[in-house]
Amino acid sequence: MPKITVVGAGNVGASAALYAAEAELGDVTLIDIVEGVAKGKALDLLEAGPVRGYDSMIEGSGDIRSVKDSDLIIVTAGLARKPGMSRLDLLKANADVIRGVAEAIRELASKAFVIMVTNPLDVMTYLTFRITGFPRQRVIGMAGVLDSTRFRTFLAQEIGVSVEEVHAMVLGGHGDTMVPLVRYSTVSGIPVEKFIAKERLAEIVQRTREGGAEIVKLLQTGSAFYAPAASAVQMAEAILRDKKRLLPVAAHLEGEYGLRDIYLGVPAILGSRGLEKIVELELTVDEKTALANSAEEVRKGIADLELAPAAR
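As the structure is a prediction and not an experimental result, all values here were calculated from the model. Each chain carries its own residue numbering, running from 1 in the written order of its sequence. The predicted origin of the model limits local features to residues at a pLDDT of at least 70 and limits the giving and counting of side-chain atom pairs to 80 or more, whereas totals for whole chains, interfaces and linings rest on all residues. Derived side-chain values reflect all non-hydrogen atoms in the structure, with water molecules and hydrogen atoms excluded from consideration.

Undergrad: I'd like a rundown of a nonpolar patch on the surface, residues and numbers included.
TA: A contiguous nonpolar surface patch, about 290 Å² in accessible area, is contributed by I33, V34 and V37. As for its placement among the helices and strands, V34 is situated in the loop between β2 (27–31) and α2 (35–52). Patch building starts from residues that exceed 30% relative accessible area and form no salt bridge, then joins like charges within 9 Å and nonpolar side chains (Val, Leu, Ile, Met, Phe, Trp, Tyr) within 5 Å. To measure how exposed things are, a 1.4 Å probe is used in the Shrake-Rupley method; for residues, cover is taken only from the protein chains shown. Salt bridge criterion: a side-chain nitrogen from Lys or Arg within 4 Å of a carboxyl oxygen from Asp or Glu. Numbering of helices and strands runs from the N terminus, with a helix taken as a DSSP run of H or I at least four residues long and a strand as a DSSP run of E at least two residues long.

See the structure below:
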């Protein structure tokens, strides 16, 4: 079976390990700097197998070297947002964590696919890409899947239909400058504008942008974890099972959408080769401007990292 490693055994990491095990995507290794936390949660998850009906092996470790020979790695390690803290406030603290993780992946799991979840997501994914020297096909960020699923949830609630009938697309950075595309959001192929007034749609778009902060405010002592973990595992499944799913993910752009050398949320096909194709949508002038503004915010974060030349 494939080896799936989840780095970070907090709420997001433990939930991702659970979802991956329940989907029986492979055997799961849970790594955390606090060794007992990783081993304890892994054992607890393993013991849930007979009840939940999964046979995946789950083990915990306090040693980052346990990433060795992983087929796919989900990175959740780092600090979570606290009330009043933006994703970019987390940048420097989490960059120190991710540097160590990326170096271990480069040395010990040179063939792995990497799905980044740690915030600020676009910048941390870029940092991992630069340090590992992996091709862009194997380093992607979980961004648009989560943002679009929040958008889908809010639209379904407003319209009064099943979330399964709602499809939505969110581009841009994983933060306040994300770009929910109303024109590409539908209910069984019918544009959402047919169901929701323009003013109300604008309110839903703004709630989507603030979706993470809304949960942080409610929890007070942490941030979202069920939906982020589920989103990362959906991406993992698309790769490991060659699903060819069209999903919005943080990808390294090499000219697409007129942007280069930046990670940003765009629609892409995920399959056995990882990021198999970036799909370029036709955007209006306003949408292009919004995407450019989002890219500029991500570039500011990248500039703050003061990166050395890429090891490629």
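Once the structure has been displayed, the description carries forward.
Undergrad: Describe the environment of G222, listing the residues and the values that go with them.
TA: Its place among the elements puts G222 in the loop between α7 (211–219) and α8 (226–240). In the structure, G222 is positioned 211 residues away from N11 in sequence and 9.1 Å away in space, judged by C-alpha atoms.

Undergrad: Before we move on, could you go through the sheet that holds strand β8 (residues 179–187) and cite the residues and values that matter?
TA: Taken together, three strands build an open sheet; the order of strands is β7-β8-β9 and the sheet is antiparallel. What marks the edges here is a single partner per strand, and that holds for β7 (166–171) and β9 (190–191). Any two residues whose heavy atoms approach within 4.5 Å at even a single point are treated as in contact. As a rule, the C-alpha atoms of each element are fitted with a line to give its axis, helices using only the stretch in contact, and angles between N-to-C directions run from 0 to 180 degrees. Sheet strands in contact with helix α5 (residues 144–159) are β7 and β8, and its direction is about 140 degrees off that of β7. At least two DSSP bridges between two strands are needed for those strands to be called paired.

Undergrad: So what's going on with the packing of helix α1 (residues 11–22) against α8? Which residues, and what values?
TA: Two packed helices can be described by the angle between their axes and the distance between those axes. Closest axis-to-axis distance for the α1/α8 pair is 8 Å, and the angle between their directions is 45 degrees. Here α1 is positioned oblique relative to α8, judged by the angle of their axes. Once α1 is placed against α8, the crossing between them reads as right-handed. Residue-level inspection shows V12, S15, A16, Y19 and A20 of α1 in contact with α8, the latter providing Y226, P228, A229, A230 and V233. Each residue belonging to the contact of α1 with α8 can be placed in one class, and the counts come to nine nonpolar, one polar and no charged. Oblique is the label for every angle not falling under 35 degrees (roughly parallel), over 145 degrees (roughly antiparallel), or within 65 to 115 degrees (roughly perpendicular). Handedness of each helix crossing follows the sense of rotation of the near helix against the far helix: counterclockwise by less than a right angle gives left-handed, clockwise gives right-handed. Classification convention: Asp, Glu, Lys, Arg as charged; Ala, Val, Leu, Ile, Met, Phe, Trp, Tyr, Cys, Pro as nonpolar; all other residues, Gly among them, as polar.

Undergrad: Talk me through the pairing of strand β10 (residues 245–254); I want residue IDs and the actual numbers.
TA: Whether a residue is buried, partly exposed or exposed follows from its accessible area with a 1.4 Å probe, protein chains only, as a fraction of its type maximum: under 20%, in between, or over 50%, in that order. Where burial is concerned, most of β10 is hidden: seven out of the ten residues are buried. Pairing analysis gives ten bridges linking β10 to strand β11 (residues 260–271), with the strands arranged antiparallel. Bridging from a neighbouring strand, E254 pairs with R260 of β11. Connecting β10 to the antiparallel partner β11 that follows it, the hairpin turn spans five residues, and G255 within it adopts a positive phi of roughly 115 degrees.

Undergrad: A description of the nonpolar core should follow, citing residues and the corresponding values.
TA: Residues I74, I115, M235, V249 and L270 are the most contacted members of the largest nonpolar core, which totals 85 residues. We define a nonpolar core as any set of buried Ala, Val, Leu, Ile, Met, Phe, Trp, Tyr and Cys residues linked to one another through side-chain atoms lying within 4.5 Å. Grouped together as the second largest cluster of nonpolar side chains are 16 residues, I159, V166, M178 and V205 included.

Undergrad: Which residues make up the pattern of salt bridges, and what are the values?
TA: Applying the stated rule across the entire model yields 16 salt bridges. Residue K244 pairs with E276 through a salt bridge whose shortest N-O separation is 2.7 Å. Highlighted residues: K244 in the loop between α8 and β10 and E276 in strand β12 (residues 274–278), separated in sequence by 32 residues. Measuring nitrogen to oxygen at the nearest pair gives 3.4 Å for the salt bridge that ties E276 to R273. One network of salt bridges, with partners in common, ties together D242, K244, R273 and E276.

Undergrad: Quick rundown of the packing of α5 against α8? Include the residues and the values.
TA: Interhelical geometry of α5 versus α8 gives an angle of 120 degrees and a closest axis separation of 9 Å. Our classification of the angle between α5 and α8 gives oblique. Relative to α8, α5 is oriented so that their crossing is right-handed. Each of V145, L146 and T149 in α5 lies in contact with α8, whose residues at this interface are A227, P228, S231, Q234 and M235. Split into classes, the residues belonging to the contact of α5 with α8 amount to five nonpolar, three polar and no charged.

Undergrad: Tell me about the environment of A303, and please be specific about residues and values.
TA: Its place among the elements puts A303 in helix α9 (residues 285–305). You can call A303 exposed: its relative accessible area is 52%. A C-alpha to C-alpha distance of 15 Å links A303 and A93, two positions 210 residues apart in sequence.

Undergrad: Report on unusual backbone geometry, specifying residues and quantitative values.
TA: Among all residues save glycine, negative phi is the norm, and among peptide bonds the norm is trans. Going from N119 to P120, the amide bond is cis rather than trans, its omega being -5 degrees. Relative to the helices and strands, P120 resides in the loop between β5 (113–116) and α4 (121–132). Unlike most non-glycine residues, D242 shows phi in positive territory, near 50 degrees. If you trace the backbone, D242 turns up in the loop between α8 and β10. For D242, a relative accessible area of 33% translates into the label partly exposed. Despite not being glycine, D261 has its phi angle at roughly 50 degrees, a positive value. Within the fold, D261 resides in strand β11.

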